[in-house]
Structures are given as structure tokens and as C-alpha cells.
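Letter by letter, the chains look like this.
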Amino acid sequence: MALASTVKVVLGSIAFAIFWVLAVFPAVPFLPIGRTAGSLLGAMLMVVFRVLTPDQAYDAIDLPILGLLFGTMVVSIYLERADMFKYLGMMLSWKSKGAKDLICRICLISAISSALFTNDTACVVLTEFVLKTARQHNLPPHPFLLALASSANIGSSATPIGNPQNLVIAVQSKISFGNFLIGILPAMLMGVFVNALILICMYWKLLSIQKDEEDVAVEVFSEEEMNSHRFSPATLSHNSQEWNSRLELMAVQSPPHLSGNMGHVEALRNRAISSETEIQKDPIITLDSARNSNASKEAAKDVSTQVKEETIPSKRVASMDRLKDALSVRSSEGKEDFTTKWKKLLWKSCVYLVTIGMLIALLMGLNMSWTTITAALALVVLDFEDARPSLEKVSYSLLIFFCGMFITVDGFNRTGIPSTLWDLMEPYSRIDHVSGIAILAIVILVMSNLASNVPTVLLLGARVAASTAAISAADEKKAWLILAWVSTVAGNLSLLGSAANLIVCEQARRAPQFGYTLSFWSHLKFGVPSTLIVTTIGLALIR
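In this report, the structure presented in the accompanying data block is examined. Here the structure is a predicted model, which is why all the values come from computation and not from measurement. (Residues numbered from 1 in each chain as written. Predicted model: local features only at pLDDT ≥ 70, side-chain atom pairs only at ≥ 80, totals over all residues. Heavy atoms only, no water.)

### Quick notes on the overall build of the protein chain
Move 1: For the protein chain, the helix and strand inventory stands at 23 helices and zero strands.
Move 2: Buried residues in the protein chain amount to 42% of all 543 residues.
Move 3: The long-range fraction of contacts in the protein chain, counting pairs at least 24 apart against all pairs at least 6 apart in sequence, stands at 77%.
Move 4: Taken as a whole, the protein chain presents about 29,500 Å² of accessible surface, with 66% of it coming from carbon and sulfur. (Helix = DSSP H or I, 4+ residues; strand = E, 2+ residues; numbered from the N terminus. Buried < 20%, exposed > 50% of the residue type's maximum accessible area, 1.4 Å probe, protein only. Contact = heavy atoms within 4.5 Å. Areas by Shrake-Rupley, 256 points an atom, 1.4 Å probe, with all protein chains shown as cover.)

### Thoughts on unusual backbone geometry
Move 1: Despite not being glycine, threonine 118 shows a phi value in the positive range, around 75 degrees.
Move 2: Checked against the element boundaries, threonine 118 lands in the loop between α6 (99–117) and α7 (119–136).
Move 3: Classification of threonine 118 as buried rests on a relative accessible area of 14%.
Move 4: One non-glycine residue with positive phi stands out, namely phenylalanine 384, at about 55 degrees.
Move 5: Within the secondary structure, phenylalanine 384 sits in the loop between α15 (368–383) and α16 (388–391).

### What to know about the pattern of salt bridges
Move 1: Throughout the structure, instances matching the rule amount to seven salt bridges.
Move 2: Glutamate 128 is the partner of lysine 132 in a salt bridge, and the nearest nitrogen-oxygen pair spans 3.7 Å. Highlighted residues: lysine 132 and glutamate 128, both in helix α7, separated by four residues, approximately one helical turn.
Move 3: For lysine 132, a relative accessible area of 32% puts it in the partly exposed group.
Move 4: For glutamate 128, a relative accessible area of 33% gives the class partly exposed.
Move 5: Note that arginine 388 and aspartate 386 form a salt bridge whose closest N and O atoms lie 4.0 Å from each other.
Move 6: We classify aspartate 386 as exposed; its relative accessible area is 52%. (Salt bridge = Lys/Arg side-chain N within 4 Å of Asp/Glu carboxyl O.)

### Description of empty space enclosed by the protein
Move 1: In this structure the tally under the stated criterion is one cavity of 30 Å³ or more.
Move 2: Residue lining of the largest cavity: Thr72, Val75, Ser76, Leu116, Phe117, Ile161 and Met358, and that is the complete set.
Move 3: Sorting the residues of the lining of the largest cavity by element identifies α4 (63–81) and α6 as the ones contributing at least two each.
Move 4: The element contributing the most residues to the lining of the largest cavity is α4, with three residues.
Move 5: When its residues are assigned to classes, the lining of the largest cavity shows five nonpolar, two polar and no charged. (1 Å grid on protein atoms, 1.4 Å probe; cavity = no way out; pocket = protein on both sides within 12 Å on 5 of 7 lines; lining within 4 Å. Points joined across faces, edges and corners; volume = space filled by probe spheres on them. Nonpolar A, V, L, I, M, F, W, Y, C, P; charged D, E, K, R; others polar.)

### A short note on the packing of aromatic side chains
Move 1: Per the counting criterion, the structure on display carries six aromatic pairs.
Move 2: Measuring from centroid to centroid gives 5.9 Å for phenylalanine 16 and phenylalanine 19, while their planes differ by 50 degrees, and the two rings are tilted. In this pair, phenylalanine 16 and phenylalanine 19 are both assigned in helix α1 (residues 6–24), three residues apart and thus about one turn of the helix distant. By the burial criterion, phenylalanine 16 is buried, and phenylalanine 19 matches it.
Move 3: Seen from their ring centres, phenylalanine 401 and phenylalanine 402 are 6.2 Å apart, and the 80 degrees between their planes marks the pair as edge-to-face. The residues phenylalanine 401 and phenylalanine 402 share a single accessibility class, namely buried.
Move 4: Taken together, the aromatic side chains of Phe16, Phe19, Phe401, Phe402, Phe406 and Phe412 make up a single cluster linked through ring pairs.
Move 5: Lysine 100 extends its terminal NZ or CZ atom over the ring of tryptophan 204, reaching a point 4.4 Å from the ring centre. (Phe/Tyr/Trp six-rings, centres within 6.5 Å; stacked < 30°, edge-to-face > 60°. Lys NZ or Arg CZ within 6 Å of the ring centre and 35° of its normal.)

### Considerations on the packing of helix α20 (residues 453–469) against helix α21 (residues 473–489)
Move 1: It is at 9 Å that the axes of α20 and α21 come closest, and there the two elements cross at 160 degrees. Relative to α21, the element α20 lies roughly antiparallel. For the pair α20 and α21, the crossing hand works out as right-handed. Where α20 approaches α21, its residues Asn453, Val457, Gly461, Ala462, Val464, Ala465, Thr468 and Ala469 are matched on the opposing element by Asp475, Glu476, Ala479, Trp480, Leu483 and Ser487.
Move 2: Partitioning the contact of α20 with α21 into residue classes produces eight nonpolar, four polar and two charged. (Axes fitted to C-alpha atoms, helices over the stretch in contact; angles between N-to-C directions. Parallel < 35°, antiparallel > 145°, perpendicular 65-115°, else oblique. Left-handed = near helix turned anticlockwise from the far one by under 90°.)

### Section: helix α18 (residues 417–425)
Move 1: Every buried residue belonging to α18 is among Ile417, Pro418, Ser419 and Trp422, and all of these are buried.
Move 2: Summarising the contacts, the buried residues of α18 are in contact with α1, α17 (396–414), α19 (434–451) and α20.

### Some details on the layout of surface pockets
Where empty space is left can be seen by rolling a probe of water-molecule size over the atoms.
Move 1: Estimated volume of the largest pocket: approximately 1,300 Å³.
Move 2: Considering the residues around the largest pocket, the lining is formed by 48 residues, among which Asp120, Leu398, Ala499, Ala500 and Ile503 are closest to the centre.
Move 3: If you tally residues by element for the lining of the largest pocket, the top one is helix α22 (residues 499–510), at seven residues.
Move 4: Here the lining of the largest pocket is composed, by residue class, of 24 nonpolar, 19 polar and five charged.
Move 5: Approximately 310 Å³ is the volume attributed to the second largest pocket.
Move 6: Gln172, Val409, Asp410, Asn413 and Leu458 are, among the 15 residues lining the second largest pocket, the residues nearest its centre.
Move 7: Elements with a contribution of two residues or more to the lining of the second largest pocket: α3 (54–60), α17 and α20.
Move 8: Partitioned by chemical class, the residues of the lining of the second largest pocket number seven nonpolar, three polar and five charged.

Here is the structure:
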């Protein structure tokens, strides 16, 4: 494609430059409007500058990609409600055997969850679990956050639903879900293994030192637990002192009551003494009075026993009624809890079954967009509640960002600049020899970090496929998979290389009680060697 008119080239380049700056640096001081508004601004400028007509702008929006992205987000939301990611987080620390074992677990769980539920979703829900697990084991969170973010990027390369650029590649290339998975899965598995190995080697001393501290912490914790649950001299002395203090407190608080009782005893004693003296003075009078008093006491006893016999049955009936009411309330509450528990368990099972059915349908080669949308709506119906709270969690700003990006990139393509640059690189980037694969990988790696991975795929995808289609259909498929692999792993190069990295960094910084800041340079020190090694190994395994 030849270059367009000079005016169109200049204005289109300005619109794309504004989009690029706001996409890569969303909080620039002179225009801090963010990525989403930046993409809409770039799209609007393409139309205002007449690089695109309004109809061409609407046609540039790829609805199948938006549908696929929307469906995967809704399914991920319901999986999160069904505690899927909670169970994945619990697997991180289940029977953990130390820091190095934890690194390997994080890499594996992060990669698998990213391949099935997108890398951004995995990073959002697993970051806090990773921080808690590291703190509980007295370990530094830095290497584990790197393991989460980097493995999420690597793992997401294996499936079309793993990340946004793979969605674009799957839709444009028409490669089935199963062929996509088979083509990249070996590279993904080896990449995760190598990435974990690099992390362990780079932080070996740090993880080994923390392992010793971890053992001490575990021993101290187990001793405290043992002391709290067993009778030891320390606990017994503590309990005896506690009981003594309680008794002393009772003694201090009881004088009014006890003094009253003592006064009553003294009065009885005085009465007994006085009665004795009266008996000694006048035995006859005392005897008559004693008989009269005994008779009155017997009469009083008869009346009191009769009253007691009448009141006891009524009290027993009332207490039995109260007991029956309490038992009926408890039984009804127990039945309600049991019913609620089983309803929730049944709903979770339905969510998991629908998700498995969606994955099976994708592997069978059904339309990916409508398959994910169907699964999402099936979950909405099965929930049998107002879907608004769940649908409000969908990242509509991301969908709008994609709409603006589609228009902006299509306008930039119409200027002819990308085609001209590709014509210069194309003779050296053929994938039928090793040097061509290396040059193509370098171009994708650089552009993914300069222009972001999704715009890179939109700019290079059709051109790379067209140049390799002349060789063979198998090479065309391989070119698409190379583009997917390199553009995804390129996100590990720097902290700004992918949204997953930024999500992990931001989630870790905002985590309550476990906050940690992952710096740009600490990520770059690990990201450069990991990206270059993993990318190179993966290129040799893609078929």
C-alpha cells in the first residue's frame, strides 16, 4: 500500500501519536485523561481529520472480538462468585514445602488460571492471596509477585481467551481453539518452567535465608498451639492464679450480702437466747405459747404446700411450652441453613459445569464469541437473581478502549506508514529460516513495548500472515502463533509492558495490611533476562 496524501499522513500520525502517548502513559501531566478517553480521542481525531469516514470508523470496530471479551469477563465474574479463585488461592499454601516450592506453585497456578480465565483476571484475584501466603510464611513478597505477573503473561499465551491480543489473533486468523492450544502449549509449559527456574536462581540466597526464618516461625507457632491446648505447668499456674483472683474478687464484692446474712444469724441467736431465758422464768406460759405457735406453723405449712402444688403444674406447662418453641425455632433455622447450603453448592456446581461445557465447545471449534456469550447468559439465568450487580463488574471501559483503538489503528493503517515500514522489513523477516524468525521476533518485541501488544498485533498481523501465506498454509499459521507468543511474553520485559504487571503492582500496593510496592527497576532486573530466554526457547517449540 502506497503512502496517502501528505496531509492525511501528517494528521493521521498526530492522531495516532496522541493515542499512543495516552495508552502508554495514561497520566501525563498535560492531558491526564487515561487510556480509555485517549483511545476515544484518537478515534475522534481520525474522523475529524478525515483520515477515516464515519462509516469506515464504524466498520473498523471488530464486534466478534468485543463479544468474546465481554463473554469471558462475565464468566470470570461468576467463577469468582463461585469461589473458584478462592480455591486456587488456597492451593498456594496447601502442604507447602518451603519458599522454592511456593514459587513453583505460584508459577503453575497463575499460568493455568490465566490460560482459562485471562491473565488480568488471574492477577486481580490472586495477588492478595500471594501476599498473604508470603507473609504467613515469613517470606519477602517481591519474588512471588514477579512469579505471579510473569507466569500469568506466559500462561495466557496458550489459549485464544488468555489475553486480548490472542482474541484478536484468533478472530483474524480463524485458527480454532484446539489448534491454537496445541500449537503454543509446549512453549507455554517450558516457558513457565524456565521462568520459575530463573526466579529461583536469581533469588536463591534470599529464599534460602527466609526458609530458615520460616522454620523458626513454624516451630514457635506450633509450641504456642501446644501450650494453648495441653495442660502444662505454665498453663496450670496461669489458671490457678486466675481462679484465685476471681475468688478474691467475689470476696470483695460480697460483703453487703454476707453482712446481711450474718446479721440475720445474730438475730436468730439473740432470739434463741431470749426464749431460753423466758422458758426458765415461766415454763407454763412458754409451753402454751409454744403449742399455739406450733399449730399456727402447721396451718401455714398446709396452706403453703397447697399453693405450691397448684402452682408447680402451671410452671411446668409454661416451661415446656417455652422449650418446645425454642426447639421448633432451632429446627427451622437448621433446616433453612441446610437448604441454603445445598442451594449454594448446587449453584456452584452449575457454574463449574457451564464453564467446562464452554471450554469443551471451544475445543470442538464452535464460534468463540457466541460460545462465551452463551455461557455467560446461561450463568445469568441459573443465578435466578437480578444480574445487574454482576454485570456492573464488567470492565466496560476496556470494551470502549478497544472500540477507540480499532478505529485509531485502522486510520493509521490507511496512512500507508505501517505498510511502507513493513515492506522494508519483510525480506528479512521470513519465517522459513532461523534469522528471519529472529528478526521478526525482535520487531514484535520492540513494538509490543513501544506501542503495546494489542496495537502491535493489529498493525502487524495481516501483513505477517500475507507474507507467509505465499510460502505455505502451515507457515501462515505458525506466523500467527509466533506473533501471539512473542507479543504476549514481551509484556514481561518491563513493568509497563502489560496490564497484568500493572494490576499486580497496584493490587499489591493497595492490599490492606499486606501492602507492598513493586518498583520499575526491580521488575526490569528480572524481566529482561526472563523475557529474552523464555521467548527464545518458546520460538523453537512453536509448531
